[in-house]
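Spelled out, the chains give:
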Amino acid sequence: MTIGTIHGVGLGPGAQDLMSVRADRLIRGARHVAYFRKRGKPGHARRMVDGMLRDDVIEFPMEYPVTTEIPLADPRYNQLLAAFYADCTAHLDGLSASGEEIVILCEGDPFFYGSFMHLHSRLAAPVEIVPGITGMSGAWTASGTPISWGDDVLTVLMATLPEEELVRRIHDTNALVVMKIGRNLPKLRRAVEAAGRQDCAWLVEYATMADQRITPLHEATDVTAYFSILLIHGQGRRP
């Protein structure tokens, strides 16, 4: 029997018409579609493909056992997620072994800070990747300003880092992208201020989507939407 391929498909930053032609074709033709979601939620990736799936599609929602309920440093966090990814991988490998092709929906790009990477490192089945426009690219495009010029150094940070590490890296870079903000916004705001960059920091929420919002960091609330990215634009060399 032919082994089925598992396709990690990048959906881009949110707007359907920013998906690649290849992603669109695979999604519309897929009999098996898998995606991550928080328990009790429809899932951002699934919402991004509303109206695109065939009528007889078989969906496999992969529900995280934990998100923010326990700290990252708690040993249970890795234990729960490792078992979760192992279970998902076993199901997907089983479908592949029976000859089925599977599309895994990935927000942004499959190889850029996404949950798909934890499946990719475990899967025995053949895997093909369809790259997608990253969320950060959608955010700086929404800002209407180039993110970097000339010799600018661009740094990508996670707001989950310790505050002192955030301060150091924000201070030392020319252009900045910060992801995974959410409840970390107060800490991030303090770090930006300590680095002396508060006057040029912007928060972009839901970039490229209908409810896109761009706000100076000092005007932002204490908790941001899931799709939130902080930007500091570089001011480097130019003709």
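See the structure above.
Residues numbered from 1 in each chain as written. Predicted model: local features only at pLDDT ≥ 70, side-chain atom pairs only at ≥ 80, totals over all residues. Heavy atoms only, no water.

J.: Any details on the overall build of the protein? Residues and values, ideally.
T.: Scanning the protein for helices and strands turns up seven helices and 10 strands. The C-alpha radius of gyration of the protein comes to 19 Å, within 12% of the 18 Å expected for a compact globule of 239 residues. A principal-axis box enclosing the C-alpha atoms of the protein has dimensions of 60 × 45 × 30 Å. Burial statistics for the protein: of 239 residues in total, 47% are counted as buried. Taking as baseline every contact in the protein between residues at least 6 positions apart, the subset at least 24 positions apart corresponds to 70%. Summed over its atoms, the accessible surface of the protein is roughly 12,100 Å², and 53% of this surface lies on carbon and sulfur atoms. The centroid of the 24 positive side-chain charges in the protein is displaced by 1 Å from the centroid of its 28 negative side-chain charges. (Helix = DSSP H or I, 4+ residues; strand = E, 2+ residues; numbered from the N terminus. Rg over C-alpha atoms; globule rule 2.2 N^0.38 Å. Buried < 20%, exposed > 50% of the residue type's maximum accessible area, 1.4 Å probe, protein only. Contact = heavy atoms within 4.5 Å. Areas by Shrake-Rupley, 256 points an atom, 1.4 Å probe, with all protein chains shown as cover. Lys, Arg positive; Asp, Glu negative; His and termini not counted. Charge placed at Lys NZ, Arg CZ, Asp CG, Glu CD.)

J.: Lay out the pattern of salt bridges with the relevant residues and their values.
T.: Taken as a whole and assessed by the stated rule, the structure comprises 14 salt bridges. Between Asp50 and Arg46 there is a salt bridge, with its nearest N and O atoms 2.9 Å apart. With relative accessibility at 44%, the residue Asp50 sits in the partly exposed group. We classify Arg46 as buried; its relative accessible area is 18%. (Salt bridge = Lys/Arg side-chain N within 4 Å of Asp/Glu carboxyl O.)

J.: Quick one: what's the story with a positive patch on the surface, residue by residue and with numbers?
T.: Residues Lys38, Lys41, Arg47 and Arg183 make up a contiguous surface patch of positive charge. For Arg183, a relative accessible area of 63% gives the class exposed. (Patch = residues over 30% accessible without salt bridge, like charges linked within 9 Å, V, L, I, M, F, W, Y side chains within 5 Å.)

J.: I'd like to hear about the pairing of strand S1 (residues 6-10), residue by residue, with values.
T.: The element S1 is extensively covered by neighbouring structure, given that five of its five residues are classed as buried. The alternating pattern of S1 places Ile6, Gly8 and Gly10 and His7 and Val9 on opposite faces, both of which are buried. Pairing between S1 and strand S4 (residues 102-106): five bridges, direction parallel. By the bridge assignment for S4, Gly10 is matched with Cys106. (Pairing = 2+ DSSP bridges.)

J.: Give a description of helix H5 (residues 135-143) that names residues and reports values.
T.: Here H5 has its buried residues at Met136, Ser137, Gly138, Ala139, Trp140 and Ala142. Here the buried face of H5 lies against strand S6 (154-158), strand S7 (175-179), strand S8 (201-205), strand S9 (213-216) and strand S10 (228-232). Looking one or two residues past H5, Gly144 carries a phi angle of roughly 75°, positive in sign.

J.: Residues and numbers for the layout of surface pockets, please.
T.: Approximately 160 Å³ is the volume attributed to the second largest pocket. In this structure, the second largest pocket is lined by Gly14, Ala15, His44, Arg47, Met48, Tyr206, Thr208, Met209, Asp211 and Phe227. Tallied by class, the residues present in the lining of the second largest pocket amount to five nonpolar, three polar and two charged. (1 Å grid on protein atoms, 1.4 Å probe; cavity = no way out; pocket = protein on both sides within 12 Å on 5 of 7 lines; lining within 4 Å. Points joined across faces, edges and corners; volume = space filled by probe spheres on them. Nonpolar A, V, L, I, M, F, W, Y, C, P; charged D, E, K, R; others polar.)

J.: Lay out the nonpolar core with the relevant residues and their values.
T.: Core analysis: the biggest nonpolar cluster contains 22 residues, and Leu11, Ile27, Val49 and Leu105 have the highest contact counts within it. Among the secondary structure elements, those contributing two or more residues to this core are helix H1 (21-29), strand S2 (32-38), helix H2 (44-48) and S4. Per-element tally for this core: the top contributor is H1, with three residues. Apart from the residues lying within four places of it in its own chain, the contact partners of Ile27 are Val9, Leu11, Met19, Val49, Met52, Leu53, Val103 and Leu105. Counting residues in each nonpolar core, the second largest holds 21 residues, with Phe84, Leu92, Ile102 and Leu123 among its members. (Core = buried A, V, L, I, M, F, W, Y, C linked by side-chain atoms within 4.5 Å.)

J.: Please give an account of the packing of helix H6 (residues 163-172) against helix H7 (residues 185-194) that cites residues and values.
T.: Two elements in contact, H6 and H7, have axes separated by 8 Å at closest approach and are oriented at 40°. For the element pair H6 / H7, the angle class is oblique. Both H6 and H7 take part in a crossing whose hand is right-handed. For the pair H6 and H7, the contacting residues are Glu163, Leu166, Val167 and Ile170 in the first and Lys187, Leu188, Arg190, Ala191, Val192 and Ala194 in the second. (Axes fitted to C-alpha atoms, helices over the stretch in contact; angles between N-to-C directions. Parallel < 35°, antiparallel > 145°, perpendicular 65-115°, else oblique. Left-handed = near helix turned anticlockwise from the far one by under 90°.)

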